[in-house]
Amino acid sequence: MSATTLPAICKDLDGDDRWLSIHKRFVAECKEKDPDVIFIGDCILESLQFTDYWNQHFVPMHCLNFSIRTDRTQNILWRLQNGELDNVRPKAIVLHAGTNNIGDSSEEVTEGILELVRTIRQKLPDVYIILPTLLPRGQQPNELRDKNDQVNRLLRERCIGINKVQIVTVDSGLIQSDGTISHHDMFDYLNLTNVGCKKVFEPVCDLLHQILTENERERDLTPSE
């Protein structure tokens, strides 16, 4: 695979091919490791793996993190179509995408996320797909925050009845009574601190624990051959 085969959305903009190198590393990890959970997404999930909360709660669940800070839904789709979910059989996927799609409408972002869900389901028919809601962004109320909220509403409507796809509301407690976001929760008003990670990802952690526990119970009940 060479950089010249990449679509325009994935072209190297910095001149050092870091994006493609990261993608290739993720593909290699699919061949070398056996994860129970894979996190796929953008800056929100990428920064999570460098926190104490990740090490304490998600590492013991045998998680891999295939997230790239600047990725939009289009970038993630290309990655999924080019090997990142090959050779693995995780029990759950955590997908967070769309907050970087600044130039797209809420409808376009929603459809982009749903296309990712369809692609994951095609590759892994039995996997649980967890969709944490898009987080608010910016210290003060702003249009991008409103758009993320609209995407969350649209996704809730369109995911009703889809088997093994669950939206998890994760923004509780981030917006203060005056409408602002504290730097104690989001150090740059987009990415999470350790304190913010606990607030946001605790319900995701609880759901993953439930899924993995149920999976173990089902395996224990399966008669041996």
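Structure first, text after, so check above.
Every chain is numbered independently, its residues counted from 1 as its sequence is written. pLDDT decides what is reported in this predicted model: residues at 70 or higher carry local features, side-chain atom pairs at 80 or more are listed and counted, and totals for whole chains, interfaces and linings draw on all residues regardless. Computation of side-chain values covers all heavy atoms of the structure but excludes hydrogens and water.

Looking at helix α6 (residues 143-158)
Each α-helix turn comprises 3.6 residues. Residues three or four places apart therefore point the same way. Here is the rule: In DSSP terms, a helix is any run of H or I states spanning at least four residues, a strand is any run of E spanning at least two, and both are numbered starting from the N terminus. Here the expected length of a helix is defined as 1.5 Å per residue gap, with one fewer gap than residues. Burial classification: accessible surface area is computed with a 1.4 Å probe over protein chains only, and a residue below 20% of its type maximum counts as buried, one above 50% as exposed, and the rest as partly exposed. By definition, residues are in contact when any of their heavy atoms lie within 4.5 Å. N or O atoms closer than or at 3.5 Å make up a polar contact, with two conditions inside protein: a donor-capable atom paired with an acceptor-capable one, and, for residues adjacent in sequence, both atoms drawn from side chains.
Relative to the 22 Å expected for 16 residues at 1.5 Å per residue, α6 spans 22 Å between its end C-alpha atoms, a close match to the ideal helical length. When α6 is considered as a whole, its buried residues turn out to be R145, K147, N148, V151, N152, L154 and L155. Structurally, α6 contributes buried residues whose contacts are with α5 (106-123) and β5 (165-168). Structurally, the start of α6 carries an N-cap: the backbone nitrogen of L144 is 3.0 Å from a side-chain oxygen of N142.

Regarding the state of the cysteines
What is meant by a disulfide is a covalent connection between two cysteines, made through their sulfur atoms. Just so we agree on the cut-off: Cysteine sulfur atoms that pair up within 2.5 Å are treated as a disulfide.
All told, the structure shown has 0 disulfides when counted by the stated rule. No disulfide involves C63; its sulfur sits 8.6 Å from that of C205, the nearest cysteine. For C63, a relative accessible area of 13% corresponds to the buried category.

Some thoughts on the side chain of D36
Looking at where D36 falls in the secondary structure, it is placed in the loop between α1 (18-32) and β1 (37-41). Owing to a relative accessible area of 19%, D36 belongs among the buried residues under this scheme. There is a polar contact of 2.6 Å between the side chain of D36 and the side chain of K91. Beyond its immediate stretch of four places on either side in the chain, D36 contacts M61, H62, P90, K91, A92 and L212.

Looking at the pattern of salt bridges
Here is the rule: By definition here, a salt bridge exists when the distance from a side-chain nitrogen of Lys or Arg to a carboxyl oxygen of Asp or Glu is within 4 Å.
Here the structure, examined in full by the defined rule, presents 13 salt bridges. Among the salt bridges present, the one from R158 reaches E107, with a minimum N-O distance of 2.7 Å. Separated by 51 residues along the polypeptide, R158 in helix α6 and E107 in helix α5 bring together distant segments of the chain. The salt bridge partner of D185 is K199, with a shortest N-O separation of 3.0 Å. Here D185 is found in the loop between β5 and α7 (194-221), whereas its partner K199 is found in helix α7, with 14 residues between them in sequence. Each of D71, R79 and E84 takes part in one network of salt bridges that share partners.

Read these as layout, nothing more, since geometry by itself doesn't imply function.
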